[in-house]
Amino acid sequence: MSVHHGESAVRPEPDKVLKDIADYVHNYKITSDLAFETARLCLIDTIGCGLEGLRFPECSKLLGPVVEGTIVPNGTKVPGTNYQLDPIRGAFNIGTTIRWLDFNDCFLAAEWGHPSDNLGAILAVADHLARQGQPLTVRDILEGMIKAHEIQGGLALLNSFNRVGLDHVVLVKVASTAVVSRMLGLSHSQTIDAVSQAWVDGQSLRTYRHAPNTGPRKSWAAGDACSRAVNLALLVKKGELGLPSVLTAKTWGFYDVLFKGKPFEFQMPFGSYIMENVLFKISYPAEFHAQTAVEAAHTIHAQLKAMGKSSDDIKSVRIRTQEAAVRIIDKQGPLDNFADRDHAINYMVAYPLIFGELTSTSYSDASAADPRIDALRAKIFCVEDTAFSADYHDPSKRSIGNALLVELNDGTKLDEVVVEYPVGHKRRREEGTPLLVEKFKRHIGWHFDEAHQKKILDTVSDAPSFFNLPVDKFTDLFVKP
């Protein structure tokens, strides 16, 4: 007979990644003026994207309390509505509106994602706490955003979650959990516990949003991640323990179960790099790997018009692009809904070649019904440019290059149009900032009269006083009249 002494019940030391995240949110001081100013722009842009999402019934029907008519005392207020919800449901509502149109910010590396998705959790908790009397200001929101961006982006720099079938919103859940844990008053060790829970909670978030033939993407996945983050932090605050070796445990840990046994790699310590280098979607509501392709398509549309020609005269379109774009958004065949179309590069290029524009309504069923779109999509093909792929990962560049080469039916080949950096890139920030403000003006214009729009713009434009504005006063600016 063999003797087995059993598995040790001694709790291991927390994984280093968990400790590093907790150290960062509790102890790191943000001193970068660039990070705070970029976060200010990111905050107003993200709120605007949420307001724009509300214009679509497919989004707005998902919002509100679970039980209709419920109003939570000192609850979270949801911008653009008159809902006042518990912070968990509030995080879902805010996160869902922000992400609905795929028009909020972006960061691209080994993994991609939208770090401003985290605002769903951050604003929901901050507003709830402020209405309970805690002296939180917009600066606290901005600091939370910088740190959530850094955690999500830092994990994304060298670690590809999509290659193992994991959607990037798992990083929203982790980053949001860390930041709201500190906001809710959890200790350093409790934050470790909460973040550990985020790595295992809700593996239903392992979706197939970018895979072919798997149905529509869940545009509310980020809202779901935000609400789970708030829930986890509140559970740990009540005494729920964490899983200290959640990443490294043999057989059962995240690395072995979901990451092919590979530990995470990090390119740099947590700081403020991600917010400083975040990408804004300014001109077009398009998946970010296609932003420069869409810009090139607008240029070619104007060229065709000047030649007295149109998209009907196009024989073929070659898109020279990065590997990530080929893998994520190079799609053929029928596109069933808004979410499919804004993640198909041939649709996003075909539409402006035909119409000279690409807006939020360009992805609607009514717009997509024009037979010219699918006819032109069939003439568009992608090839990878290895130089574009290399510059995409270069931390000193982070370019998202695309080049369009159009051949006409008569054999004419137009000069290739190359765009390496989108207008929302850090390298074009001076050019992009006024356009970002105009985007925000358009988004608030659907919801508020001119006098209130002016009040909002005056408030968010004066950075020193805006940073000191109480959180509840900020949220009240966007409550539905």
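Residues numbered from 1 in each chain as written. Predicted model: local features only at pLDDT ≥ 70, side-chain atom pairs only at ≥ 80, totals over all residues. Heavy atoms only, no water.

The protein chain is annotated in an unreviewed UniProt entry as MmgE/PrpD family-domain-containing protein from Hygrophoropsis aurantiaca.

Concerning the overall build of the protein chain
Each helix and strand counted, the protein chain has 22 helices and eight strands in total. Counting only C-alpha atoms and orienting by the principal axes, one finds that the protein chain spans roughly 80 × 75 × 45 Å. Long-range contacts, defined here as pairs at least 24 residues apart, represent 76% of the contacts in the protein chain between residues at least 6 apart. Distance between charge centroids for the protein chain: 1 Å, based on 52 positive and 59 negative side chains. (Helix = DSSP H or I, 4+ residues; strand = E, 2+ residues; numbered from the N terminus. Contact = heavy atoms within 4.5 Å. Lys, Arg positive; Asp, Glu negative; His and termini not counted. Charge placed at Lys NZ, Arg CZ, Asp CG, Glu CD.)

Focus: the environment of leucine 136
Tracing the backbone shows leucine 136 in the loop between helix H5 (119-131) and helix H6 (138-156). On a C-alpha basis, the gap between leucine 136 and leucine 158 in space is 34 Å, while along the polypeptide they are 22 residues apart.

So, the side chain of threonine 191
Residue position: threonine 191 is located in helix H8 (residues 188-198). Since its relative accessible area comes to 0%, threonine 191 is described here as buried. Setting aside anything within four residues of it in sequence, one finds threonine 191 in contact with Ala22, Val25, His26, Ala178, Ser181, Arg182 and Leu186. (Buried < 20%, exposed > 50% of the residue type's maximum accessible area, 1.4 Å probe, protein only.)

Describing the pairing of strand E5 (residues 314-321)
Two faces, one strand: in a regular strand the side chains alternate between the faces of the sheet. Burial analysis of E5 places six of its eight residues in the buried class, the great majority of the element. Direction of pairing for E5 relative to strand E7 (residues 402-408): antiparallel, over a ladder of six bridges. Residue valine 317 lies in a different strand from E7, and its bridge partner there is valine 406. Strand direction decides the pairing type here: E5 and strand E6 (residues 380-384), joined by five bridges, are parallel. In the sheet register, valine 317 faces E6, and the bridge partner there is isoleucine 380. (Pairing = 2+ DSSP bridges.)

Comments concerning helix H7 (residues 169-183)
For H7, with 15 residues, the first-to-last C-alpha span of 21 Å sits near the 21 Å given by 1.5 Å per residue. Summarising burial for H7: 13 of the 15 residues are buried, a large majority. Immediately beyond the C-terminal end of H7, within one or two residues, lies glycine 185, with a positive phi of roughly 90 degrees. (Expected span 1.5 Å × (residues − 1).)

A short note on the packing of aromatic side chains
Using the criterion set out here, one finds 24 aromatic pairs in the structure. Their ring planes at 40 degrees and their centres at 5.2 Å tell us that tryptophan 199 and phenylalanine 264 sit as a pair that is tilted. One end of the pair, tryptophan 199, is in the loop between H8 and helix H9 (221-237); the other, phenylalanine 264, is in the loop between helix H10 (254-258) and helix H11 (273-276), and 65 residues separate them in sequence. With a relative accessible area of 0%, tryptophan 199 lands in the buried category. (Phe/Tyr/Trp six-rings, centres within 6.5 Å; stacked < 30°, edge-to-face > 60°.)

A closer look at H9
Relative to the 24 Å expected for 17 residues at 1.5 Å per residue, H9 spans 24 Å between its end C-alpha atoms, a close match to the ideal helical length. Of all 17 residues in H9, twelve are buried, a share of seventy percent or more. Buried within H9 we find Ala221, Ala222, Gly223, Asp224, Ala225, Cys226, Ser227, Ala229, Val230, Leu232, Ala233 and Val236. Tucked inside the fold, the buried residues of H9 contact helix H4 (87-99), H5, H7 and H8. Looking one or two residues past H9, glycine 239 carries a phi angle of roughly 115 degrees, positive in sign.

Focus: the sheet that holds E7
Strand order in the open sheet formed by four strands is E6-E5-E7-E8, and the pairing between neighbours is mixed. Each edge of the open sheet carries a strand with a single partner, namely E6 and strand E8 (417-419). Ignoring strand direction, the axes of neighbouring strands in this sheet form an average angle of 20 degrees. (Axes fitted to C-alpha atoms, helices over the stretch in contact; angles between N-to-C directions.)

Observations regarding the nonpolar core
Leu43, Ile141, Trp199, Phe254, Phe264, Phe474 and Phe478 are the most contacted members of the largest nonpolar core, which has 96 residues in total. Leave out the neighbours within four places in its chain, and phenylalanine 474 touches Leu43, Ile47, Leu123, Val138, Ile141, Phe466 and Leu469. Within the second largest apolar cluster, 53 residues are counted, among which are Phe56, Ile314, Phe338 and Ile380. (Core = buried A, V, L, I, M, F, W, Y, C linked by side-chain atoms within 4.5 Å.)

A look at the pattern of salt bridges
The full count for this structure, using the stated rule, is 27 salt bridges. Here aspartate 127 ties to arginine 131 by a salt bridge, and the two come within 2.9 Å at their closest N and O atoms. With aspartate 127 and arginine 131 both in helix H5, this residue pair falls four residues apart, about one helical turn. For the residue pair aspartate 127 and arginine 131, the accessibility class agrees, reading buried in each case. Among the ionic pairs, glutamate 416 bridges to arginine 320, the shortest N-O distance being 2.8 Å. A residue pair is termed long-range when its members are at least 10 positions apart, and glutamate 416 in the loop between E7 and E8 and arginine 320 in strand E5 qualify at 96 residues. If you follow the salt bridges from partner to partner, you end up with Lys77, Asp127, Arg131 and Asp476 in one network. (Salt bridge = Lys/Arg side-chain N within 4 Å of Asp/Glu carboxyl O.)

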